[in-house]
Amino acid sequence: MWDVARPEWPSRVAGVSMAGFRARDMAAAGHRVVPHPAVTLALEFGAGRPIVDDAAGRQQRGSLVAGVGLANVVWVRGENVECVQVRLSPVVAGAILGVSPADLDGAVVALDDLWGREASRIRERLGDVSSWEDRFALTDALLARRRAAGSFVDPEVAWAWKRMIAGRGLVRVDGLAAEVGWSRKRLWSRFRSQIGLSPKRAAKLVRFDHAAHRLAAGEGAARVAAEGGYADQSHLHRDVVAFTGVTPVAVAREPWLAVDDIAWAGHGAPAQDPRRRLPATELPGGVRAAGQLGGEPAPSLRESWGRHPAPG
């Protein structure tokens with residue numbers, strides 16, 4: 001079962017979004033993490049620590065950073081896990097993390113390896129406060145401070161990334177290069193070194209992300225393929241399997257996508273499945289009004305709580 005909270009106000013840092021998660025008891029085998037066009041930062045602070053396993057047999061525990069798009073199939077498991085999850089646009093991720101997204105190479109790494117003692121300090125501070133309002137505020141202040149001290153990507157690279165996001169991945173690399181006044185080779189090289197993916201791979205990831213959310217919303221694969229820029233349904237099937245290791249039918253049931261329209265409001269296509277688009281106080285599994293979970297007082301910041309059953 002999942003409990004989800006989200007801040008009412010956007011982050012002061014452009015390219016950053018946050019949500020809070022509590023997972024009572026994730027499946028012993030773990031839940032598949034669906035690749036997303038962002039660097040993911042998980043700041044845990046609860047009694048349980050998340051455990052992440054990848055297809056290569058590597059394991060990480062505690063606060064984590066996942067490179068943009070993920071290069072391997074990844075599962076997460078654990079009991080009583082609490083965390084603030086942050087999505088970082090790769091345009092700002094390098095400044096905030098202190099390493100380029102390219103250095104992560106799509107892998108999951110322990111935050112301790114990047115931030116050292118600061119990772120432990122933020123964990124303690126998040127655990128010391130009692131409301132999600134304060135946790136979001138603490139996290140946002142940390143990210144803003146690190147962003148101000150960090151380096152920037154080339155404006156041409158940032159513009160190309162934003163064009164990909166706005167176009168839902170349906171862009172041509174040659175066209176982007178011409179628009180910024182660079183050669184295709186130069187854009188490819190600078191984009192890869194600063195974003196962490198080649199322009200072609202990045203566009204495919206953005207296109208996949210929108211397709212996956214439409215599948216999770218209950219839309220048929222044929223329609224998603226036709227409207228999402230795929231040659232046909234088989235093309236969509238191949239892309240989904242390449243990114244997740246499972247079929248479009250299976251990926252649509254993944255719990256990360258089931259809670260996505262609650263945690264990350266406004267993301268993805270409008271849902272067709274009414275179970276996934278109810279107001280926060282009418283979510284499946286019973287009412288969870290703001291502030292009722294765990295006896296916490298209702299904060300001034302609106303919290304959207306929902307309980308979502310794990311698959312199987």
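It should be noted that the structure appears before, not after, this text.
Residues numbered from 1 in each chain as written. Predicted model: local features only at pLDDT ≥ 70, side-chain atom pairs only at ≥ 80, totals over all residues. Heavy atoms only, no water.

Participant: So what's going on with the overall build of the chain? Which residues, and what values?
Facilitator: Secondary structure summary: the chain contains 14 helices and 10 strands in total. A buried classification covers 55% of the 312 residues belonging to the chain. A separation threshold of at least 6 residues defines the contact pool for the chain, and within that pool the share at least 24 residues apart is 71%. When the accessible area of the chain is evaluated, it comes to approximately 13,900 Å², of which 51% is carbon and sulfur surface. (Helix = DSSP H or I, 4+ residues; strand = E, 2+ residues; numbered from the N terminus. Buried < 20%, exposed > 50% of the residue type's maximum accessible area, 1.4 Å probe, protein only. Contact = heavy atoms within 4.5 Å. Areas by Shrake-Rupley, 256 points an atom, 1.4 Å probe, with all protein chains shown as cover.)

Participant: Describe the side chain of Glu254, naming the residues involved and giving the relevant values.
Facilitator: Relative to the helices and strands, Glu254 resides in the loop between helix H12 (248-251) and helix H13 (255-258). The exposure class of Glu254 is buried, given its relative accessible area of 12%. Not counting residues within four places of it along the chain, the set of residues in contact with Glu254 comprises Arg32 and Val34.

Participant: Account for the packing of aromatic side chains, with residues named and values stated.
Facilitator: As enumerated under the stated definition, the model contains 4 aromatic pairs in all. On the basis of an interplanar angle of 70 degrees and a centroid distance of 5.7 Å, the ring pair of Phe45 and Trp132 is categorised as edge-to-face. With Phe45 in the loop between strand E4 (39-44) and strand E5 (51-54) and Trp132 in helix H5 (residues 132-149), this residue pair connects regions lying 87 residues apart in the sequence. Here the two residues Phe45 and Trp132 agree in accessibility, since each one is buried. Geometrically, the ring pair formed by Phe208 and Phe243 is stacked, given 4.8 Å between the ring centres and 25 degrees between the ring planes. A residue pair is termed long-range when its members are at least 10 positions apart, and Phe208 in helix H9 (residues 199-216) and Phe243 in helix H11 (residues 233-244) qualify at 35 residues. Like Phe243, Phe208 is buried. Ring pairs connect the aromatic residues Phe45, Trp132 and Phe136, which therefore count as one cluster. Arg135 extends its terminal NZ or CZ atom over the ring of Trp132, reaching a point 4.8 Å from the ring centre. (Phe/Tyr/Trp six-rings, centres within 6.5 Å; stacked < 30°, edge-to-face > 60°. Lys NZ or Arg CZ within 6 Å of the ring centre and 35° of its normal.)

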